[in-house]
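For reference, the chains in residue letters:
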Amino acid sequence: MLPKRRAQRFNSLLKIAVICSSNQNRSMEAHNFLSKKGFNVRSFGSGNQVKLPGAAPDKPNTYDFCDTTYDDIYKDLESKDKNLYTQNGLLHMLDRNRRIKRAPERFQDCLDEFDLIFSCEERVYDQINEHLTEREQKTYNSVHILNLDIQDNHEDATIGAFMICDLCAMVAESEDVDDEIEEIIQTFEGKCGREILHTMLTY
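In this text, all values refer to a predicted model and were calculated from it rather than measured experimentally. (Residues numbered from 1 in each chain as written. Predicted model: local features only at pLDDT ≥ 70, side-chain atom pairs only at ≥ 80, totals over all residues. Heavy atoms only, no water.)

Participant: Mind showing me how you'd approach the packing of helix H2 (residues 26-36) against helix H4 (residues 90-100) here?
Facilitator: For any two helices packed against each other, the geometry is given by the interaxial angle and the distance between the axes. Packing of H2 against H4 brings their axes to within 10 Å, and their N-to-C directions diverge by 50°. Classified by the angle their axes make, H2 and H4 are oblique. Seen along the crossing, H2 lies across H4 with a hand that is left-handed. Counting all contacts with H2, which are made through Met-28, Glu-29, His-31 and Asn-32, the residues of H4 involved are Arg-96, Asn-97 and Ile-100. For the contact of H2 with H4, the per-class residue count stands at 2 nonpolar, 3 polar and 2 charged. (Axes fitted to C-alpha atoms, helices over the stretch in contact; angles between N-to-C directions. Helix = DSSP H or I, 4+ residues; strand = E, 2+ residues; numbered from the N terminus. Parallel < 35°, antiparallel > 145°, perpendicular 65-115°, else oblique. Left-handed = near helix turned anticlockwise from the far one by under 90°. Contact = heavy atoms within 4.5 Å. Nonpolar A, V, L, I, M, F, W, Y, C, P; charged D, E, K, R; others polar.)

Structure follows, in C-alpha cells:
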C-alpha cells in the first residue's frame, strides 16, 4: 500500500473521465468522490441530449448539453413542480452538480486525452468506443476504456463511485498500466464480484 501522500501524488497524474448518458447522476457522483480523493477527473454524458425524469414516464425533461447549466435545469424543475422534484431527489442532485461544475458536457465534443475512461453502462461504453475509433489518430497515446454497470439511482451511483475509486487507486499504484491492466481488472473483479468490460485504444 502506498503512503497516503505518495498515493495522492500518483492519483493526480492519471487523467480520468467518467461518463454516463446525461452527465447528471452516476458520472457526477463519481466525479465528486474521485475529486475529493485527489484524482484529476472530469465527467461527461454521451447522449444527444440531457434527459431527466418528468411528471410522467413518457414526458422526460430534455435539455441541450453545455448551453444549459445545472443552475438553469434546477430553476426550470423548481418552477415546474418543486414538490415532485424535491421528493424524487432531482433538485438535491442538481444542487450538488452545480457546486462541482457549471454545466453538463458531452464527451463527443471534448478533444482532450485521458488515461482512463469509465462508462456506467454498456450502451455508453459502445458509444465511447465508436467515437474514439472514428476519431483521427494523432498522438497514439493509449487510453483504457472500462465499463462498470451502475443502475441509475442515487444508492447505486454512490456504490459505483466507491468501486470506480478503488479501481483507480489500483491503477495509480501500477508502474506499467498498459502491461498490468488486465491483471488489475481480474483482481478487482475477484474482489468486488463485478464484471468489467475493457478496451485499449490510442489517440
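Participant: Would you explain helix H3 (residues 70-87) in this entry?
Facilitator: Owing to its 3.6 residues per turn, the α-helix brings residues three or four apart onto one side. With 18 residues, H3 should cover 26 Å at 1.5 Å per step; its first-to-last C-alpha distance of 18 Å lies more than 12% under that length. Among the residues of H3, Tyr-70, Ile-73, Tyr-74, Leu-77 and Tyr-85 are the ones counted as buried. Taken together, the buried residues of H3 touch H2, strand S3 (50-52), strand S4 (61-63) and H4. The positive-phi residue at the C-terminal boundary of H3 is Gly-89, with phi of around 85°. (Expected span 1.5 Å × (residues − 1). Buried < 20%, exposed > 50% of the residue type's maximum accessible area, 1.4 Å probe, protein only.)

Participant: Just checking my understanding: could you explain the pattern of salt bridges for this structure?
Facilitator: Oppositely charged side chains can form a pair if their charged atoms are brought close together. Tallied over the entire structure, the rule returns 14 salt bridges. The salt bridge partner of Arg-98 is Asp-71, with a shortest N-O separation of 2.6 Å. Taken together, the positions of Arg-98 in helix H4 and Asp-71 in helix H3 put the pair 27 residues apart, joining distant regions of the chain. By relative accessible area, which is 24% here, Asp-71 ends up partly exposed. Salt-bridge contacts for Asp-109 lead to Arg-106; the nearest nitrogen and oxygen are separated by 4.0 Å. Note on Asp-109: relative accessible area 55%, which makes it exposed. (Salt bridge = Lys/Arg side-chain N within 4 Å of Asp/Glu carboxyl O.)

Participant: So what exactly am I meant to see when it comes to the side chain of Ser-174 here?
Facilitator: By the element assignment, Ser-174 lies in the loop between helix H6 (154-172) and helix H7 (177-192). Within the local environment of Ser-174, its side chain forms a polar contact with the backbone nitrogen of Asp-176, the two atoms lying 3.2 Å apart. Those residues in contact with Ser-174 that sit more than four places away from it in its chain are Glu-180 and Ile-184. (Polar contact = N/O pair within 3.5 Å; in protein donor to acceptor, adjacent residues only side chain to side chain.)

Participant: Just to check I follow, could you spell out the packing of aromatic side chains for this structure?
Facilitator: When we look at a pair of aromatic rings, we describe it by the centre distance and by the angle of the planes. Considering all chains together, one arrives at 3 aromatic pairs under this definition. Summarising the aromatic geometry, the rings of Phe-33 and Phe-162 are spaced 4.5 Å apart at their centres and angled 45° between planes, so their arrangement reads as tilted. In this pair, Phe-33 is assigned in helix H2 and Phe-162 in helix H6, connecting sequence segments 129 residues apart. Under the relative-accessibility criterion, Phe-33 is labelled buried at 18%. By relative accessible area, Phe-162 is classed as partly exposed at 44%. Here the aromatic rings of Phe-44 and Phe-107 are separated by 5.7 Å at their centres, their planes lie at 75°, and the arrangement is edge-to-face. Separated by 63 residues along the polypeptide, Phe-44 in strand S2 (residues 40-45) and Phe-107 in the loop between H4 and strand S5 (116-119) bring together distant segments of the chain. One exposure class covers both Phe-44 and Phe-107, and it is buried. Among the aromatic residues, ring-to-ring pairing joins Phe-44, Phe-107 and Phe-114 into one connected group. Over the ring of Tyr-74 we find Arg-98; its NZ or CZ atom is 4.0 Å from the centre of that ring. Positioned above the aromatic ring of Phe-44, the side-chain terminus of Lys-101 is 5.8 Å from the ring centre. (Phe/Tyr/Trp six-rings, centres within 6.5 Å; stacked < 30°, edge-to-face > 60°. Lys NZ or Arg CZ within 6 Å of the ring centre and 35° of its normal.)

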